[in-house]
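Residue-level structural notes
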Amino acid sequence: MGKKRKLMKVYPIEENCVSCRYCEVACTMVHSKSKDPVKAYKLENLLPRATVEVKGAVSLSLMCRHCKHPFCFDSCISGAIQVDENGQVHLDEEKCVGCWNCVLVCPFGAAHPYVSEEKRHSFKCDLCGDRGFPACVEACPNRALVYDYER
Amino acid sequence: MKYVIVGNSAAAVGCITGIRKVDKESPITVISYESSCYSKPMIADVLIDIPQEKLIYRDEKFFEENKVELILGHRAVKVNTDSKVVVLDSNELVPYDKLLISTGAKPFIPPIPGADRKGVFTFTELSSALAFKDYIKKNGVEEVVVVGSGFIGLEVAYFLAKIGVKVTVVELLERALAKALDERSSQIVETLMKEEGVEFIFKDSVAEILGDEKVSSVKLGSGKVLKAGAVVIAVGVRPNTELAQTAGVKVNAGIETDGHMETSVKDIYAAGDCIECLDITDGKVKPLPLFPLAFEQGFVAGLNMAGKEMEYLGGLPLNSLKFLPVPVLNAGIVTPPDSSYEVFVNDRFEEKGFYRKAILKDGKLVGFVAVGQIDRVGILTNLIRQKIDVSPVKERLVELDFGLVDLPQWWREEKLKQDKTAYKDWRAV
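Remember, predicted model here, so these are calculated numbers, not experimental data. (Residues numbered from 1 in each chain as written. Chains lettered and ligands numbered in written order. Predicted model: local features only at pLDDT ≥ 70, side-chain atom pairs only at ≥ 80, totals over all residues. Heavy atoms only, no water.)

1. A short note on the packing of helix α4 (residues 151-162) of chain B against helix α5 (residues 183-195) of chain B
Residue and element names in this part refer to chain B. Their axes nearest at 9 Å, the elements α4 and α5 cross at an angle of 25°. Our classification of the angle between α4 and α5 gives roughly parallel. Along its contact with α4, which presents Leu154, Ala157 and Tyr158, the element α5 presents Val189, Leu192 and Met193. Across the contact of α4 with α5, the residue classes break down as six nonpolar, no polar and no charged. (Axes fitted to C-alpha atoms, helices over the stretch in contact; angles between N-to-C directions. Helix = DSSP H or I, 4+ residues; strand = E, 2+ residues; numbered from the N terminus. Parallel < 35°, antiparallel > 145°, perpendicular 65-115°, else oblique. Contact = heavy atoms within 4.5 Å. Nonpolar A, V, L, I, M, F, W, Y, C, P; charged D, E, K, R; others polar.)

The structure is reproduced here in structure tokens:
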């Protein structure tokens, strides 16, 4: 404890954000089966793991912070949320039973509920694990998202 | 250093996690009379045939990786504080340097005549849930009476209705979940339950459970008689403090602990449903038998047991109704106790399927209810926890797009830029 973790995550820079929502589109697309932005929204009913917030002149894109103390991990009744040795917080959507405790306790609102008749589970930013580099950062035209080591 | 944990649920797993953050090597022993580390909040799901493996909260691999020795199928019956040993029902002695008591809670069974008849069940352990399921199957039970409309009672009732059993919930108070929800959300929950076929009788109680050897009906206080092939008593739980008392630990409404989760007896810690805990929303110390709190208390206990000093943040009531098609979440105070509280409501349930309510005191959020649309409500939970002044944005608290942009800029600076997300960073500001 107290030691710096070797964890990279996505940092929003609100001064640079122009609320274009490219991050949301890129996120949804790379997590889709079709890899097509329109199909991902319309046919696969996917939702972005990054949330662009706008209020007056302020805007920012927000996703899982992989907290040093993740309350979602405390609250997860199914064991779907786990923390790896680097401190990255993983959510196994198959294991998740949709109890919504993580939604209830995430201080950033970064664990989202997926509620449909067939499926109920939470979902959140996975740092594009199998992709190697977060798609939202790549898509951001204004350097309002950067991929960096934890501070 | 030798750590011993009695109990094998959320607080125990939290404790193991906490210990291993600090001390990677010293032996940990877990003692539990139950046979596996399953998820307590999920046991009612056995009624709708959840696969057994889904119920497992932490599998054997977890205990192996954390170098935990499991003593399962044995009860810890006594703690001898002089020789620092836990005595098992097999008379085996388990020595400890630091002990965690996480013995959970026991179902409260009111003194109802006939409550000892066959076919009367409680619902806090997997074994009782499975026994109940087995009983209704073997006896072809078609009608069940559930006593109490708390979270356990309602979930059991809902699942029974789903599998075609006629179920009636008998509740002493005037509405469902009266202690956790406000009137409006109770009403929404009742409507959803009734749509599934669950019937409610409010302001009444079970006076007697009738039958021969097995239960056949219940007689209510009002004189009404309901046919019942089985009865589920779910009127709440009480901290299980028996083991703690053998150690001479101070017990009030639950086991008393200090900010480090240590009990009145040195080197004995306690966490989870067996303790009484500070409710930060009203400043009162009380049992708050909730899964997330149990884990967190266990975690804090674990850190302290391993020598890393950490102060518990305190708890707050928070619930999620996980079985309904419509999510129902609440935290903190949901019904203002007096006129010094401010209330904001956004009720669009009939047209849009959502309802939100926020309760403030002195410009700070102390509680909320969210039904239907629940995305991002954790932001609200944290506002309660950190006691941040939200008076400039109070009308916005019940809007669906309330977000971090509504919070003070310093908060975003600290949390998003500086990564202040360690446990201690979530204290009240």
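2. Things to note about the interface of chain B and chain A
The interface of chain B with chain A comprises 54 residues on the first partner and 49 residues on the second. Summed over both sides, the interface of chain B with chain A buries roughly 4,200 Å², with 59% coming from carbon and sulfur. At the boundary of chain B and chain A, one finds five salt bridges. The shortest N-O distance in the salt bridge between Glu15(A) and Lys417(B) comes to 3.1 Å. Across the contact surface, chain B and chain A share 25 residue pairs in polar contact (both at pLDDT 80 or more). Of all the secondary-structure elements, those providing two or more residues to the side of chain B that touches chain A are α1 (10-22), α7 (291-305), β21 (318-321), β22 (328-332), α9 (378-386) and α10 (409-417) of chain B. The class makeup of the residues in the side of chain B that touches chain A is 27 nonpolar, 12 polar and 15 charged. (Buried area = accessible area lost by both parts, 1.4 Å probe. Salt bridge = Lys/Arg side-chain N within 4 Å of Asp/Glu carboxyl O. Polar contact = N/O pair within 3.5 Å; in protein donor to acceptor, adjacent residues only side chain to side chain.)

3. Quick word on the domain arrangement of chain B
All names here are of chain B. You can read the domains of chain B as domain 1 (3-106 + 238-305), domain 2 (120-235) and domain 3 (326-426). The gap between the C-alpha centroids of domain 1 and domain 2 is 30 Å. The interface is formed by 14 residues belonging to domain 1 together with 14 residues belonging to domain 2. At the boundary of domain 1 with domain 2, total buried surface from both sides reaches about 1,300 Å², with 68% on carbon and sulfur atoms. Here domain 1 is connected to domain 2 by one salt bridge. The salt bridge involving lysine 133 is made with aspartate 49; its shortest N-O contact spans 2.5 Å. Applying the counting rule to domain 1 against domain 2 returns four residue pairs in polar contact (both at pLDDT 80 or more). When its residues are assigned to classes, the side of domain 1 that touches domain 2 shows nine nonpolar, one polar and four charged. (Domains from an automatic or database assignment.)

4. So, the environment of Asn139(B)
Within the secondary structure, Asn139(B) sits in the loop between α3 (126-138) and β10 (143-147). The spatial distance from the C-alpha of Asn139(B) to the C-alpha of Val285(B) is 44 Å, given a sequence separation of 146 residues.

5. Quick word on the sheet that holds strand β15 (residues 225-227) of chain B
All names here are of chain B. The three strands are arranged β13-β14-β15 in an open sheet whose pairing can be described as antiparallel. Strand pairing shows two members of the sheet lacking a second neighbour, β13 (206-211) and β15, which therefore form its edges. Here the average twist between neighbouring strands, direction ignored, is 25°. Here five bridges tie β13 to strand β14 (residues 215-220), and the two strands are oriented antiparallel to one another. Looking across to β14, one finds that valine 206 is bridged to leucine 220. (Pairing = 2+ DSSP bridges.)

6. A few points about the environment of Gln373(B)
Residues and elements named next belong to chain B. Position of glutamine 373 among the secondary structure elements: in the loop between β25 (364-371) and α9. In this structure glutamine 373 comes out as partly exposed when scored by relative accessible area, which is 39%. With 32 residues separating them along the chain, glutamine 373 and tyrosine 341 place their C-alpha atoms 24 Å apart. Leave out the neighbours within four places in its chain, and glutamine 373 touches Gly353, Phe354, Arg356 and Leu400. (Buried < 20%, exposed > 50% of the residue type's maximum accessible area, 1.4 Å probe, protein only.)

7. Quick word on the packing of α1(B) against α7(B)
Residues and elements named next belong to chain B. Across the interface, α1 lies against α7 with an axial gap of 6 Å and an inter-helix angle of 35°. The two elements α1 and α7 cross, and the hand of that crossing is right-handed. Contacts between α1 and α7 pair Ala10, Ala11, Val13, Gly14, Cys15, Thr17, Gly18, Ile19, Lys21 and Val22 from the former with Phe291, Ala294, Phe295, Gly298, Phe299, Gly302, Leu303 and Met305 from the latter. (Left-handed = near helix turned anticlockwise from the far one by under 90°.)

8. Concerning the pattern of salt bridges
According to the stated counting rule, one finds 40 salt bridges over all chains in the structure shown. A salt bridge links Glu53(A) to Arg376(B); the nearest nitrogen and oxygen atoms lie 2.6 Å apart. Placement of Glu53(A) in strand β2 (residues 51-55) and of Arg376(B) in the loop between β25 and α9 is noted, with the two residues assigned to different chains. Residue Arg376(B) is classed as buried on the basis of its relative accessible area, which comes to 8%. For Glu413(B), the salt bridge is made with Lys417(B), and the minimal N-O distance between the two is 3.9 Å. Residue Glu413(B) and its partner Lys417(B) are both found in helix α10; the two are separated by four residues, about one turn of the helix. With a relative accessible area of 29%, Glu413(B) lands in the partly exposed category. Salt bridges sharing common partners tie together Arg5(A), Lys9(A), Glu150(A) and Asp419(B).

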